[in-house]
Amino acid sequence: MASGEPKAKRPRLPEKDEKKEKKKESPSKETSVKLSTNSLFGMGNPLLDICASVDKNFLDKYALKPNDQILAEDKHKALFEELVKNSEVEYHAGGATQNSIKIAQWMIQEPHNVGTFFGCIGKDKFGKTLKQKAKDAHIDAHYYEQDEEPTGTCAACITGDNRSLVANLAAANCYKKEKHLDLEENWKLVEKAKVFYIAGFFLTVSLESILKVAKHASKNNKLFCLNLSAPFICEFFKDNLMQVMPYVDVLFGNEMEAAAFAKEQEFETKDIEEIAKKAQALPKDNKKRQRIVVLTQGKDDTVMASSDKVKTFPVLKIDPKDIVDTNGAGDAFVGGFLSELVQDKPLDQCVKAAHYASNVIIRRAGCTFPEKPDFN
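This structure is a prediction, so every number in the text was calculated from the model and none was measured. (Residues numbered from 1 in each chain as written. Predicted model: local features only at pLDDT ≥ 70, side-chain atom pairs only at ≥ 80, totals over all residues. Heavy atoms only, no water.)

Undergrad: Is there a simple way to explain the packing of aromatic side chains in this structure?
TA: Ring pairs (aromatic) are described by centroid distance and by the angle formed between their planes. In total, this model carries 15 aromatic pairs according to the counting rule given. Here Phe58 and Tyr62 contribute two aromatic rings whose centre-to-centre distance is 5.2 Å and whose plane-to-plane angle is 55°, an arrangement assigned as tilted. The exposure class of Phe58 is buried, given its relative accessible area of 9%. The exposure class of Tyr62 is buried, given its relative accessible area of 5%. Ring centres 6.3 Å apart and planes at 55° place the aromatic pair Tyr91 and Phe126 in the tilted group. Of this pair, Tyr91 sits in strand β4 (residues 90-94) while Phe126 sits in helix α6 (residues 125-136), and the two are 35 residues apart along the sequence. Each of the two residues, Tyr91 as well as Phe126, counts as buried. (Phe/Tyr/Trp six-rings, centres within 6.5 Å; stacked < 30°, edge-to-face > 60°. Buried < 20%, exposed > 50% of the residue type's maximum accessible area, 1.4 Å probe, protein only. Helix = DSSP H or I, 4+ residues; strand = E, 2+ residues; numbered from the N terminus.)

Undergrad: Please explain unusual backbone geometry as it appears in this structure.
TA: What is expected of a backbone is that most residues other than glycine have negative phi and most peptide bonds are trans. The amide bond that connects Glu110 to the next residue, Pro111, takes the cis arrangement and shows omega of -5°. Position of Pro111 among the secondary structure elements: in the loop between α5 (96-108) and β5 (115-122). Of note in this structure, Asn38 is not a glycine but carries a positive phi near 65°. For Asn38, the position within the fold is in the loop between α2 (30-34) and β1 (40-43).

Undergrad: What's the story with the packing of α5 against helix α15 (residues 347-361) in this structure? I'm lost.
TA: Geometrically, a packed helix pair is captured by the angle between its two axes and the distance between the axes. At their nearest, the axes of α5 and α15 sit 11 Å apart, and the two run at 105° to each other. When the interaxial angle is binned, α5 and α15 end up roughly perpendicular. Here Ile103, Trp106 and Met107 of α5 lie close against α15, whose contacting residues are Ala353, Tyr356, Ala357, Val360 and Ile361. For the contact of α5 with α15, the class distribution of residues is 8 nonpolar, no polar and no charged. (Axes fitted to C-alpha atoms, helices over the stretch in contact; angles between N-to-C directions. Parallel < 35°, antiparallel > 145°, perpendicular 65-115°, else oblique. Contact = heavy atoms within 4.5 Å. Nonpolar A, V, L, I, M, F, W, Y, C, P; charged D, E, K, R; others polar.)

In structure tokens form, the structure reads like this:
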């Protein structure tokens, strides 16, 4: 039942029976028990996040800004080794899709391995660390391992409250459908899932893999979710994006991505609610489900188009001084949403969980979280 929805009054029961009734009514564990392993499937670019505090000299040496996100160039190659060698580092399983699956699993708690994740890594020490970190996060990661490229990494160089992110995709770019997704034992995991999520970044890596999964979801009336991920995806990978769009049941994005998408699609509007409606109305393969479009706007209301209606949801308030790092907010939002979606909860509850998860994550450095969520 959606939060705030009135409940029917029931007659007063004798005290003993009332306790039984309350126990029966409590949803706390019942819903989770029904979840089976591998119900939620993600595929994307796995990165090992390497977090360490550095000084200004380190930033200057590699021409980094204190608060920025860039792709690694040749001049950054030595950065990763230097970080590991000279700093006290923390490792986390990262990459947009893997982060969202990780957050969803954290929100769900039990059973473990509700989330499956596919992506490509190298046969190296960072690959081993990434496998262990995914295992620690209780996600069922099945990586395609190859030795041509090293495991993708993202260096988070922390100076005070700032984080400079340097991503080296490396192996993440090397995912091969025929060498991994098509294998019988891996495809069985796809078939077990009922909700699928892929960040738009993967459109630059393996369109054919996305299409195979998306068509499976559409044919079997399962939920396929996609994230616009970045303005450059909407602009420079528009053709790939629009090949997948007919299979998208839930589309995520933020206000900048929505604006870029609207411009490329010639929606002729900058109004975010109109953009959500127009994106919802794009052609769709599975007619049994109407597309849902969810657009975030930082501290401003989240917009959701569903069932020919557009609703707005205020985000949880937070004191600016409590914000540590907003980089993982989008991934956390999706993870929270997916944690309820995979349990067939109402959409309002999915948004509520999404807001909760992103509110927790922005209070911490990196896409990290406390041991247990405080959400119901």
